[in-house]
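Secondary and tertiary structure notes
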Amino acid sequence: MAVLTMTVDHQIYYSNEKRIPIKNVIKGLLAAETLIDELKPSIKKIFDDVDIKEINIYLDKLESGSLSENFIIDLVFGGEEEYKKFREKLCKIRNAVFSNSTDDEDKKTMRQVLGLLLAAGIASGATWAILSDNDPVPQSIKNYTTNINNSVIGVGDGALTGQQIVDIVSATVDKKKIAKAAVDFVKPAKDDSKASISLDDNDQLTLKPEFVKATPSSYTPPQPEEKIETYTNVDVYIAASDARKRRQGWAGVAKGIVDTATKITLTEDIDPNKLHGNVNIKADISIIKKYDPTQKDYVIKEILIKDWT
């Protein structure tokens, strides 16, 4: 079976006046790779009827001073028929006749799609990073997202809108990974108050200095509110019980796991009347922990008894 590819190039340009520290260059490079990698499901969603076997990313050229990064993105298709369907989709987007389509025209359209996807990933990631700290989203980032939403690739019924792309990104990516990647991507420009970041020399997608400034310098993923740890055949001492209830009036300890008197609850499968009066039992349990932001740690809140003997 023939394997066909389409190769699309992308340029990312940081307009810093001063030289950028190597550690920030590396962070930016890895972040760009992560962003594109995490956007692969979004690419496949846009072309959901096409068998895209692989999406590979390569660094083609890196220039210092004002940092310029050139990436090559290879899309590998599962045969000639899939490649044809892919190009037909690109033609539909720009309302063109497939038989008259050229490779250069198709690559140009795909470059626009990838550029808008990357911009949506950066904007969404910066937004999620800010919201994770319960901070309001700055107007500069809202304005940039609005620019993306109002963008259109192509004409006619097949045109692809920025709003569609933003929605696809939101539905298909790992938000924590995208948030961290977006913050690290912007990092090389943070030390220069006048620096902007250009994507494929597209002014509409350029991250202006106010966007750079509004993007957090670091990102810490929010902690899950609850954590559950499961144990089997544990020695449980019941210090208090209520024959009529399974969620109130119970307390005890789990030897070697929870050594201070803690609230106990029972699953629906356990009859509280039958367990009532037993003090030392063997049980399968779950320890429920809640995240306490003041302590920056998980605190045990209850012992859930799931089975006992």
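Summary of the structure given here.

Calculation criteria
- Each chain has its residues counted from 1, running along the sequence as written.
- Only residues with pLDDT of 70 or above have their local features reported here, since the model is predicted, and side-chain atom pairs are shown and tallied only from 80 upward, although totals for entire chains, interfaces and linings are computed over all residues.
- Hydrogens and water molecules were not included; the side-chain quantities draw on all heavy atoms of the structure.
- When DSSP locates at least two bridges between a pair of strands, those strands are taken to pair.
- Secondary structure elements are defined from DSSP: runs of H or I of at least 4 residues count as helices, runs of E of at least 2 residues count as strands, and each element is numbered from the N terminus.
- Between N-to-C directions, angles cover 0 to 180 degrees, with each direction set by a line fitted to C-alpha atoms, over the stretch in contact for helices.
- Pairs of residues are marked as contacts when any of their non-hydrogen atoms sit within 4.5 Å.
- Here a helix's expected span is defined as the number of its residues, less one, multiplied by 1.5 Å.
- For every residue, the accessible area obtained with a 1.4 Å probe (protein chains only) is divided by the maximum for its type, and the residue is called buried under 20%, exposed over 50%, and partly exposed between those limits.

1. Focus: the sheet that holds strand S11 (residues 297-308)
Pairing is mixed in the closed barrel, where 5 strands are placed in the order S7-S8-S9-S11-S10. Each adjacent strand pair in this sheet contributes to an overall mean axis angle of 50°, direction not counted. Here strand S9 (residues 258-266) runs beside S11; their pairing, made up of 3 bridges, is parallel. Bridged to Thr265 within S11 is Leu304.

2. Brief notes about the sheet that holds strand S2 (residues 52-63)
Sheets are built from strands paired through backbone hydrogen bonds, the pairs being either parallel or antiparallel. The 4 strands are arranged S2-S3-S1-S6 in an open sheet whose pairing can be described as antiparallel. Every other strand in the sheet has two partners, leaving S2 and strand S6 (197-199) as the edge strands with one partner each. Pairs of neighbouring strands in the sheet enclose a mean axial angle of 20°, with direction left out of account. By the bridge criterion, 10 bridges tie strand S1 (residues 4-14) to strand S3 (residues 68-77) in an arrangement that is antiparallel. Within S3, the position partnered with Val8 by the bridge is Ile73. Contacting S1, S2 and S3, helix H1 (residues 22-38) runs over the sheet at an angle of about 25° to S3.

3. Comments concerning H1
Taking 1.5 Å per residue as the helical rise, H1 with its 17 residues ought to reach 24 Å, and the 24 Å between its terminal C-alpha atoms agrees with that figure. Residues of H1 that are buried in the fold lie against S1, helix H2 (40-46), S2, S3, helix H4 (103-131) and helix H7 (175-186).

4. A short note on the environment of Leu304
Tracing the sequence through the fold places Leu304 in strand S11. Judged by its relative accessible area of 18%, Leu304 is buried. Considered as a pair, Leu304 and Thr267 are 37 residues apart in the sequence and their alpha carbons are 7.0 Å apart.

5. A few points about the side chain of Asp184
With respect to the helices, strands and loops of the structure, Asp184 is situated in helix H7. Not counting residues within four places of it along the chain, the set of residues in contact with Asp184 comprises Lys27, Gly28 and Ala31.

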